[in-house]
Every structure is written in structure tokens, then in C-alpha cells.
Amino acid sequence: MDHQFYRPMPDRHSKHMENLSLIMGIIALSTFCLVYPALICGALGIVFALLSRGGETTFSGRAKLGLTISSVALGIIVLLLIYSVVFANVYYGGIENMMRESCTSLGIDYNMLFPQN
């Protein structure tokens, strides 16, 4: 045992996953107005940050930043969705009534857009 050499453990963090997490977080944060692309990019940012650990228990700096930005973007999106549903219910009595009012103000016949069978 005395003659064995010490070999340091290789770094198992994935640099590509860290970079992807950061990029997806930035895309999600910059496109939070477009709900679906931001949701997809935010979720992927979180997944890539978790995968970048490579089985270790710690995150690198870029992975932490990507995880934080992606989480903030998803939080903003969820808050905006909740706000829009509450707004529609409080001011218009529901989403369908809000759509009817919007169509009326634009001069579009709502019943022609969505025929009732």
C-alpha cells in the first residue's frame, strides 16, 4: 500500500451541460412574454443544471447561475399566468367573457369565430 501513487479524482462536471443550462435560462428570461418557449427553455435549463453535476453533490458556478436564472424565469411565467386568470375572473367574470368583450371591441362576431353546436 505504501507504493501506490495518489491519483486525483477526475472532474465529473459537464461543461457543456453547464453552458446549455445558462443559455436556456437566458433564453427563458428574455422570452418570458412568449409563454410556451419560455416554459420549455426554463424547464430545460433546470434539467441541464441538474445533469451538469455528473453524479456529484455540488454545482459549479455556471450551473448555479443557470439554475437560478431558469428558476426565476419559470417563477415569473407562473406568476403572469396566475395574474391573467385572476384578472379575467375578477374583471370579466371568466376567460370566455373576456374573449367575448375583446371580440366585440374589435368588431368581430364571437359566435362566428367559435360556433356553438
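Preceding block: the structure.
Note that the structure is a prediction, hence the values are computed from the model and not measured. Throughout, residues of each chain are indexed from 1 in the direction in which the sequence is written. For this predicted model, a pLDDT threshold of at least 70 governs which residues receive local features, and a threshold of 80 or more governs which side-chain atom pairs are given and counted, while totals over whole chains, interfaces and linings are taken from all residues. Hydrogens are left out, water is left out, and the side-chain values use all remaining heavy atoms of the structure.

Note on terminology: pairs of cysteine sulfur atoms within 2.5 Å are recorded as disulfides. Overall, the coordinates contain zero disulfides when judged by the stated rule. Here Cys-41 is not disulfide-linked; the sulfur of Cys-33 is the nearest cysteine sulfur, at 14 Å. Only protein chains enter the calculation, and the probe is 1.4 Å; a residue is then buried if its accessible area is under 20% of its type maximum, exposed if over 50%, and partly exposed in between. According to the relative accessible area criterion, Cys-41 is buried, its value standing at 13%.

In this analysis, rings of Phe, Tyr and Trp, with Trp reduced to its six-membered ring, are considered paired at centre separations within 6.5 Å, and the interplanar angle assigns stacked below 30 degrees, edge-to-face beyond 60, and tilted for intermediate values. If you walk through the whole model with that rule in mind, you get three aromatic pairs. For the pair Phe-87 and Tyr-91, a centre-to-centre distance of 4.7 Å together with 50° between the ring planes defines the contact as tilted. Of this pair, Phe-87 and Tyr-91 both sit in helix 3 (residues 61-92), separated by four residues, roughly a single helical turn. Tyr-91 gets classed as exposed once you look at its relative accessible area, which sits at 60%. Taken together, a centroid distance of 6.2 Å and an interplanar angle of 70° make the contact between Phe-87 and Tyr-92 edge-to-face. Using a relative accessible area of 33% as the deciding quantity, one classes Tyr-92 as partly exposed. In this structure an aromatic cluster arises from ring pairing among Tyr-83, Phe-87, Tyr-91 and Tyr-92. Per the convention used, a helix needs a DSSP run of H or I reaching at least four residues, while a strand needs a run of E reaching at least two, with both numbered from the N terminus.

A few words now on helix 3. In a regular helix each residue adds 1.5 Å, so 32 residues correspond to 46 Å; helix 3 covers 46 Å between its end C-alpha atoms and thus fits that length. Contact criterion: two residues are considered in contact whenever any of their non-hydrogen atoms come within 4.5 Å of each other. Buried-residue contacts for helix 3 involve helix 1 (15-30), helix 2 (35-51) and helix 4 (95-106). Count one or two residues on from helix 3 and you reach Gly-93, which has phi positive near 80°. One fewer than the residue count of a helix, multiplied by 1.5 Å, yields its expected span.

To continue, consider the side chain of Ser-21. Along the chain, the position of Ser-21 falls in helix 1. For Ser-21, the residues in contact, after removing those within four places along its chain, are Gly-45, Phe-48, Ala-49, Ala-63, Gly-66, Leu-67 and Ser-70.

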